[in-house]
Each structure stands twice: as C-alpha cells, then as structure tokens.
Amino acid sequence: MKLLDRKIAVIGLGYVGLPLAALCAKKGYEVVGLDLSEPVVALLNQGKCHIKDEAVEQLLATAVASANFTATTNAEGVADCGVYLICVPTPVDANNDPDLAPLEGACRVIAPHLNKGDLVVVESTVFPGTCEQVVAPLLEELSNLDVGKDFHLAHCPERVNPGDPFWGSENIPRVVGATSSEGVAVAAEFYASILGGDILDVRDIKLSLRPKFRETSEGLHIAQVPLGSVTKMHSIRDAEAVKAMENTVRDVNIAFVNELAKISDALELDVVDIIDGMATKPFGKGPFYPGVGVGGHCIAVDPEWLKAASKKAGYMPEMIQLARMTNNGMPEYTVSILQDLLNEKGYPVKGTKIAVLGVAYKRNVDDPRESPFYKLREILQKKGAELSVFDSWVTSENTVQSLDQCIGGAKAIVIVTEHSDVTEKLRNFDLRDSDVEVIVDGRNCLDGNVIKGQDVLYRGIGR
Ligand SMILES: NC(=O)c1ccc[n+]([C@@H]2O[C@H](COP(=O)([O-])OP(=O)(O)OC[C@H]3O[C@@H](n4cnc5c(N)ncnc54)[C@H](O)[C@@H]3O)[C@@H](O)[C@H]2O)c1
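Keep in mind the model is a prediction, meaning the values are calculated, not measured.

**Considerations on the packing of aromatic side chains**
Link 1 in the chain: Counted under the stated rule, the structure contains five aromatic pairs.
Link 2 in the chain: Between Phe 190 and Tyr 191 the ring centres are 5.1 Å apart and the planes differ by 75 degrees, which places this aromatic pair in the edge-to-face class.
Link 3 in the chain: A relative accessible area of 0% means that Phe 190 is categorised as buried.
Link 4 in the chain: Pairing Phe 373 with Tyr 374 gives two aromatic rings, centres 5.2 Å apart and planes at 75 degrees, and the pair type is edge-to-face.
Link 5 in the chain: According to the relative accessible area criterion, Phe 373 is buried, its value standing at 0%.
Link 6 in the chain: The partly exposed category is assigned to Tyr 374, whose relative accessible area is 29%.
Link 7 in the chain: Taken together through their ring pairs, the aromatic side chains of Tyr 29, Phe 190 and Tyr 191 make up a single cluster.
Link 8 in the chain: The ring centre of Trp 393 lies 4.3 Å from the NZ or CZ of Lys 52, which sits over that ring.
Link 9 in the chain: Lys 262 extends its terminal NZ or CZ atom over the ring of Tyr 333, reaching a point 5.3 Å from the ring centre.

**Some points on the site of the ligand**
Link 1 in the chain: Taken together, 25 residues are adjacent to the ligand, and Val 16, Asp 35, Thr 90, Thr 125 and Arg 369 come closest.
Link 2 in the chain: Tyr 15 has a polar backbone atom sitting 3.1 Å from an oxygen atom of the ligand.
Link 3 in the chain: One nitrogen or oxygen atom from the side chain of Arg 369 is found 2.7 Å from an oxygen atom belonging to the ligand.
Link 4 in the chain: In isolation the ligand exposes 830 Å². Once the protein is present, 89% of that is buried.
Link 5 in the chain: Per-element tally for the shell around the ligand: the top contributor is helix H4 (residues 101-110), with three residues.
Link 6 in the chain: Of the residues belonging to the shell around the ligand, the class tally is 14 nonpolar, seven polar and four charged.

**Considering the environment of Gly 17**
Link 1 in the chain: Structurally, the position occupied by Gly 17 is in helix H1 (residues 17-26).
Link 2 in the chain: On the basis of relative accessible area, Gly 17 is assigned to the buried category, the value being 0%.
Link 3 in the chain: Spatially, the C-alpha atoms of Gly 17 and Val 88 are 7.7 Å apart, while their sequence positions differ by 71 residues.
Link 4 in the chain: In contact with Gly 17, not counting residues within four places along its chain, are Val 10, Gly 12 and Cys 87.

**Considering the pairing of strand S14 (residues 457-460)**
Link 1 in the chain: With burial as the criterion, only one face of S14 is covered, namely that bearing Tyr 458 and Gly 460; the residues Leu 457 and Arg 459 on the opposite face remain uncovered.
Link 2 in the chain: Summarising the sheet, strand S13 (residues 438-441) and S14 pair through four bridges and their orientation is parallel. Each bridged residue has a counterpart across the sheet, and for Ile 439 the counterpart in S14 is Tyr 458.

**A look at the layout of surface pockets**
Link 1 in the chain: Approximately 570 Å³ is the volume found for the second largest pocket.
Link 2 in the chain: Forming the boundary of the second largest pocket are 29 residues, of which Asp 53, Glu 54, Ala 55, Val 56 and Asp 164 lie nearest the centre.
Link 3 in the chain: Those elements that place two or more of their residues in the lining of the second largest pocket are H1 and helix H3 (54-66).
Link 4 in the chain: Per-element accounting of the lining of the second largest pocket gives the leading share, seven residues, to H3.
Link 5 in the chain: Considered class by class, the residues forming the lining of the second largest pocket number 13 nonpolar, eight polar and eight charged.
Link 6 in the chain: Two domains each donate at least three residues to the lining of the second largest pocket, and these are domain 1 (3-234) and domain 2 (328-460).

**Topic: unusual backbone geometry**
Link 1 in the chain: The backbone of Ala 67 shows a phi angle near 60 degrees, a positive value even though the residue is not glycine.
Link 2 in the chain: With respect to the helices and strands, Ala 67 occurs in the loop between H3 and strand S3 (69-72).
Link 3 in the chain: Assessed through its relative accessible area of 66%, Ala 67 is described here as exposed.
Link 4 in the chain: For Asn 444, which is not glycine, the phi dihedral falls at a positive 50 degrees.
Link 5 in the chain: Its place among the elements puts Asn 444 in the loop between S13 and helix H17 (448-452).

**Description of the domain arrangement of the protein**
The parts lose accessible area when they come together, and the size of an interface is often stated as this lost area.
Link 1 in the chain: On domain assignment, one finds that the protein holds domain 1 (3-234) and domain 2 (328-460).
Link 2 in the chain: Centre-to-centre, using C-alpha coordinates, domain 1 lies 38 Å away from domain 2.
Link 3 in the chain: On the side of domain 2, nine residues touch domain 1, which itself brings seven residues to the contact.
Link 4 in the chain: Around 660 Å² of area is buried between domain 1 and domain 2 when both sides are counted, 42% of it from carbon and sulfur atoms.
Link 5 in the chain: The interface formed by domain 1 and domain 2 holds zero salt bridges in total.
Link 6 in the chain: Run the count over domain 1 and domain 2 and you get five residue pairs in polar contact (both at pLDDT 80 or more).
Link 7 in the chain: Partitioned by chemical class, the residues of the side of domain 1 that touches domain 2 number three nonpolar, three polar and one charged.

**What to know about the packing of helix H5 (residues 130-143) against helix H9 (residues 236-267)**
Link 1 in the chain: Two elements in contact, H5 and H9, have axes separated by 9 Å at closest approach and are oriented at 110 degrees. Judged by the inter-axis angle, H5 sits roughly perpendicular to H9. Contacts between H5 and H9 involve Thr 130, Cys 131, Glu 132 and Gln 133 on the former and, on the latter, Ile 236, Arg 237 and Glu 240.
Link 2 in the chain: Of the residues that constitute the contact of H5 with H9, the class distribution is two nonpolar, two polar and three charged.

**Structural notes on the sheet that holds S13**
Link 1 in the chain: Across the sheet, five strands lie side by side as S11-S10-S12-S13-S14; this open sheet has parallel pairing. If you trace the sheet from one side to the other, it starts and ends with strand S11 (386-390) and S14, each paired once. Between one strand axis and the next, the sheet turns through 15 degrees on average, direction left out of account.
Link 2 in the chain: Where strand S10 (residues 353-357) lies against S11, five bridges are found, and the strand directions are parallel. Bridge pairing in S11 links Ile 354 to Leu 387.

What counts as what
Residues numbered from 1 in each chain as written. Predicted model: local features only at pLDDT ≥ 70, side-chain atom pairs only at ≥ 80, totals over all residues. Heavy atoms only, no water. Phe/Tyr/Trp six-rings, centres within 6.5 Å; stacked < 30°, edge-to-face > 60°. Buried < 20%, exposed > 50% of the residue type's maximum accessible area, 1.4 Å probe, protein only. Lys NZ or Arg CZ within 6 Å of the ring centre and 35° of its normal. Near = heavy atom within 4 Å. Polar contact = N/O pair within 3.5 Å; in protein donor to acceptor, adjacent residues only side chain to side chain. Areas by Shrake-Rupley, 256 points an atom, 1.4 Å probe, with all protein chains shown as cover. Helix = DSSP H or I, 4+ residues; strand = E, 2+ residues; numbered from the N terminus. Nonpolar A, V, L, I, M, F, W, Y, C, P; charged D, E, K, R; others polar. Contact = heavy atoms within 4.5 Å. Pairing = 2+ DSSP bridges. 1 Å grid on protein atoms, 1.4 Å probe; cavity = no way out; pocket = protein on both sides within 12 Å on 5 of 7 lines; lining within 4 Å. Points joined across faces, edges and corners; volume = space filled by probe spheres on them. Domains from an automatic or database assignment. Buried area = accessible area lost by both parts, 1.4 Å probe. Salt bridge = Lys/Arg side-chain N within 4 Å of Asp/Glu carboxyl O. Axes fitted to C-alpha atoms, helices over the stretch in contact; angles between N-to-C directions. Parallel < 35°, antiparallel > 145°, perpendicular 65-115°, else oblique.

Structure follows, in structure tokens:
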C-alpha cells in the first residue's frame, strides 16, 4: 500500500495540530487526532473548535463535513496509521531548560503501532539534535524497528502564525529534513500533497533566489519561494535549526529594538517614527517594533531550547541570553514609565485604579502563553495597585465584563495587547468623559497626539 493512501495520526490538537489535522482531512486523508484533553476531544467531535481563529474554524468545518476527521483520547486510536505527525507542546521548565516530557509521551504512544514503511514527522519546535538524540532512540527501542531502514523519521517545523489573515497552514512555505534521503523524499511528497506547492531543494534556493534577495528585499525573497512549497533540507538537524534559529533571530531583533526604544526615551525621540522611516529602505532590514514584552509559545521559548543545546555543546550564546533578559525586562520598563506618568499627576501606584488592557501575548489571538501580561500584573500587584483587567479574546484573567467597566474609575490605562476591537473603541473614545489621566501604550498602537489633545499624559515604548 502506498504511503499516501494511508491513515494519518496527528498527536496533539492545539494551535498547530488542529489546523494540520483539518487540512489533511480536507485534502482527502482519513485522519485521527489524538489529544490528552477530554474536553478538547469532545468539542472537536461535535465539530466545535476550542481555538478562537476564523481560519481554523473554517478548516475544521470542512474537515467535519468531509467525515474524514475524528478525535480521540484513546492511544489505541492511532493504530493502523501510516503517517504520524507529532504536534505536542515543547515548553521550558522553571529553569528555562527544555521540557521533553510531552514529546517523549507522544513517542511512547506511537512506537507500539509503528510498521515498516511508516513516516513519523515531528512538527513541534525542538533544538537541533532532538530527533536523532531523543526521538529516534525512543521509537527504535519501543518498536524494535530501525529508523531510516524500517521507518522514516522527519522534522517539518510548523510556522503557523495564529491570527494571521494571509499566512495559514495551507500556504506557508515549509522546510523538511529527515534521517535519510529516502525519508526526506517521502516526507516532502507527503507535505506537497497537503500544501499543493512545489518541492524545492535548499541548495537550489541559494543558487536561484539568493542573488535576487541581495539585490532587492527580504520581502521579495519570501515571495519568490512559491506559496505552499516544501524545501528539502540536507539533514534533520538543519531542519530543526531553521525553526529554532528563525525565531531566535526574531527574538534578538525585538530585543534590539527594545534597546532602541530605551535610547529613544532617553534622547526624547519617537522610535516608531524612526523605525517607520528605516522601513522605507527597501533591503536589509526588519522592521521589528518594541513593546511591553515578548510572549507566545515560540519566540519566548525557542531561543531557550537553542541556547540549552548550544550550552551543552560547549558554547554559551551570550547574545541570546541578553536578548531574553532584555525582552523579559520589558514589563518592568513599562511599569517604570507608568510610575513616572502617575508621579507627574501626583498619584502613587499604591491604591490607584489602573486598567490593564490585554492578556493575550499578541493581537487578535486567544493564546496567553508566556504573555508579558503576567509579569506586569505581578509587579503592579506587588506595588499595591488596584487593577482592573480586560481582554476581549482571553477572558480567564478578566476582572470585569467590558472595556467600559475596565476603564471606569481608572486613573491610568496600560495597553498590553492591541486587539483590534479594543483599540478601535479606544480610538473613538473621548477620554475627557472618563477619569483617565495617563495612558501607557505598551504596543504603540494609539495616536499619542490625539490622546495628549484630551489632556491625558501619553507614553508608548520608546515614544
Ligand atoms: N502556537 C504557535 O503559534 C506555534 C507555531 C509554530 C510552532 N509551534 C510549535 O508547535 C508545538 C505545539 O504547539 P501548540 O501551540 O499547538 O501547543 P498547544 O498547547 O496549543 O497544543 C498542544 C496539544 O497537545 C496535547 N498534548 C500534550 N501532550 C500530549 C501527548 N503526549 N499526547 C497527545 N496530546 C498531547 C495538549 O493537550 C494540547 O491540546 C510546539 O512545539 C510549538 O513550539 C507553535
């Protein structure tokens, strides 16, 4: 039986696994999704989505209509599959060291069901070497089969960007690596069958696209790789490193613009105008923007995995360490701005009502993992502030039911997340009708001049 005729198992049905499982079902594969969470599985089997994301909801509806997708918590449900896609979390522990437990748990589930010719793909983000040092030995030991000889092991890091209206699981270009050349060919063929794009080789990209990238811009470079294409890497470690490093590059750059924001504050410059000015240069730049902090399960975590692997191999990457420290320190910096403004108005932090807007780690998503909100709240609570919290996407931390209630009676607003519905309302809100005298815009999303025109002190991050 050909691999592409086989049933697919997706292990972990979160932000990554669910859209992937639904996409495979949409493309005609029979898919079984396995998750530890009973409530998640029960919802999915009713065709309801536990993730608030229109694109994922649509994909799930199509998958359910195709009758190709079922979810289960029963590990036996993944028997008789030919392709196993691992999409479990890869967090860090309290010491910021990689926590491999969910990944190892997924391997333990898959191994007893593995047969000759099967394909196992790790989509979770891991440090370079994880597939060969952790996943392969565990699968081999528990299945009595040999990786590369009896079954294929590949890594195809997920790049999905929740809340992104354009880039989704079906069109984001992918890279794939495997422990053997046959494995990478099989995995690339599988991904081409769900993404519908071309299969490329990383060395061809260098030859055909890089000169154009040098001449033009990063944006054009991205566009020149066809939508939904799959690029074969020359080792599984290269594929692992692509993901860990692309997110680390982002983290370090955000840390650097956070530094530029602090310089701009000291020199009384508007860092957002300056970044927008720099962005007019059509090559060799970001742009990246500063803010209240970096969150999410990727940018705030993946650099720690890369750092841990590098440290273990004998090289301590100081720049990554510094970037993490800088980005982790941004909630404190934001509070220091708030304190300055309240001071100017003659209010102590202690006992003053402060409206904190946003819990999610970024705009228009319902994901609060690693959000700077938690650190900011902790600092303000320790200082005795009277906090009201509102987020229109993540409601778990809300102390009130609405934006109006949150702002009501508050002397200051701190914006942590710029969800479009909330910023839209804020832009149309006349602050003179409220008690608000201070706004700290942790996402630089409001027009400071309009706010200052309403006799409210306004500061962004670096502006
Ligand atoms: N969220 C993103 O934007 C994003 C983007 C790209 C890559 N990634 C990476 O993808 C991976 C998954 O992230 P996510 O955001 O989808 O996580 P998530 O927490 O949203 O989903 C993971 C799911 O896996 C389940 N699970 C955990 N252990 C399991 C096990 N042993 N067996 C079966 N199910 C298990 C959990 O119950 C959960 O529903 C991570 O490595 C992450 O770094 C995430």
